[in-house]
Amino acid sequence: MSRTATVTRTTSETDITVQLDLDTTSYEHPQTGHGFLDHMLDALARHARIGLTVRATGDLHIEPHHLIEDTGITLGQALTQALGDRKGIERYGSAFVPMDETLAHVVLDLSGRAHLAFEPETLNVWGDAGGMTHYHLREFLRGLCNHAGITLHVRLLAGREAHHVIEAIVKAVARALRDAVQVTSQTMPSTKGSL
């Protein structure tokens with residue numbers, strides 16, 4: 001069965017198309033109009049080892065919030081479609097990722113239940129990366145979790161500078177997701193019989 005999806009989300013603020021293939025590493029460089037978001041989506045695809053194409057426009061003349069959040073929502077919708085009934089997937093994933101002075105830890109469960117625990121919002125993270133802050137990342141991940149049914153815990157064990165913090169977290173999410181989406185059996189990974 002093909003684990004692919006194409007989702008388009010159009011609002012008065014953004015227009016986003018995500019193409020996702022969980023079983024290939026072939027992807028195209030993202031084009032969202034926001035350089036650092038493109039960089040993070042590129043890192044997500046590379047470290048999750050998935051096929052990902054993102055084409056997006058948004059009201060960047062206002063602020064990047066809408067574009068970043070809606071990209072997370074659209075990616076979450078695509079992930080839900082690509083996973084189907086989730087039968088046979090590993091379901092859980094975790095990763096530690098260092099980046100210079102920064103150390104991020106991510107644990108996720110493709111449970112079908114959305115929950116985001118985002119520790120960096122309680123810490124003193126400095127600055128932004130090309131206009132993207134850790135608060136924007138929180139909204140991206142919230143959209144992803146809500147629309148893909150992911151329980152996601154993000155811990156920042158070390159780090160202060162926004163670029164390194166955001167990038168380490170995205171790479172940790174990607175590496176945990178890589179493990180969780182793998183098909184490792186023929187059964188449903190739940191005692192309930194469904195996710």
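Residues numbered from 1 in each chain as written. Predicted model: local features only at pLDDT ≥ 70, side-chain atom pairs only at ≥ 80, totals over all residues. Heavy atoms only, no water.

You'll find the protein chain entered in an unreviewed UniProt entry as Imidazoleglycerol-phosphate dehydratase, with Deinococcus actinosclerus given as the organism. In its Catalytic activity (unreviewed entry) section, UniProt records this for the protein chain: "D-erythro-1-(imidazol-4-yl)glycerol 3-phosphate = 3-(imidazol-4-yl)-2-oxopropyl phosphate + H2O". Turning to the protein chain, the UniProt record has this under Sequence similarities (unreviewed entry): "Belongs to the imidazoleglycerol-phosphate dehydratase family." (UniProt positions renumbered as here; feature names shortened; annotations may be inferred.)

A.B. asks: What should I look at first to understand the overall build of the protein chain in this one?
C.D. replies: Scanning the protein chain from terminus to terminus reveals four helices and seven strands. Reading the protein chain from its N terminus to its C terminus gives the helix and strand order β-β-α-β-α-β-β-β-α-β-α. Taking 16 Å as the expected radius of gyration for a compact globule of 195 residues, we find that the protein chain reaches 16 Å, a close match to that expectation. Taken along its principal axes, the extent of the C-alpha atoms in the protein chain is 45 × 35 × 25 Å. Each of the 195 residues in the protein chain was classed as buried or not, and the buried ones make up 52%. Excluding contacts between residues fewer than 6 apart, the proportion of contacts in the protein chain whose partners are at least 24 apart in sequence is 77%. Accessible surface for the protein chain amounts to roughly 8,600 Å². Of this, 49% is attributable to carbon and sulfur atoms. (Helix = DSSP H or I, 4+ residues; strand = E, 2+ residues; numbered from the N terminus. Rg over C-alpha atoms; globule rule 2.2 N^0.38 Å. Buried < 20%, exposed > 50% of the residue type's maximum accessible area, 1.4 Å probe, protein only. Contact = heavy atoms within 4.5 Å. Areas by Shrake-Rupley, 256 points an atom, 1.4 Å probe, with all protein chains shown as cover.)

A.B. asks: Is there a simple way to think about the nonpolar core in this case?
C.D. replies: As a rule of thumb, soluble globular proteins bury nonpolar side chains together. The biggest cluster of nonpolar side chains holds 60 residues, and the ones touching the most others in it are Leu79, Leu110, Leu137, Leu141, Ile150, Leu152 and Ile169. If one sorts the elements of this core by residue count, helix α4 (residues 162–180) sits on top with 12 residues. Excluding its chain neighbours within four sequence positions, the residues that come into contact with isoleucine 150 are Leu79, Leu108, Asp109, Leu110, Arg113, Ala114, His115, Leu144 and Cys145. (Core = buried A, V, L, I, M, F, W, Y, C linked by side-chain atoms within 4.5 Å.)

A.B. asks: Looking at this structure, I do not really get the pattern of salt bridges. What am I missing?
C.D. replies: Two side chains with opposite charge may pair up if their charged atoms get near one another. The full count for this structure, using the stated rule, is nine salt bridges. A salt bridge links arginine 9 to aspartate 70; its shortest N-O distance comes to 3.8 Å. Of this pair, arginine 9 sits in strand β1 (residues 4–10) while aspartate 70 sits in helix α2 (residues 65–83); the two residues are 61 residues apart in sequence, bridging distant segments of the chain. Judged by relative accessible area, arginine 9 falls into the partly exposed class, the value being 23%. Residue arginine 138 pairs with glutamate 139 through a salt bridge whose shortest N-O separation is 2.9 Å. Assessed through its relative accessible area of 10%, glutamate 139 is described here as buried. Each member of the salt-bridge network shares a partner with another, and the members are Arg138, Glu139 and Arg142. (Salt bridge = Lys/Arg side-chain N within 4 Å of Asp/Glu carboxyl O.)

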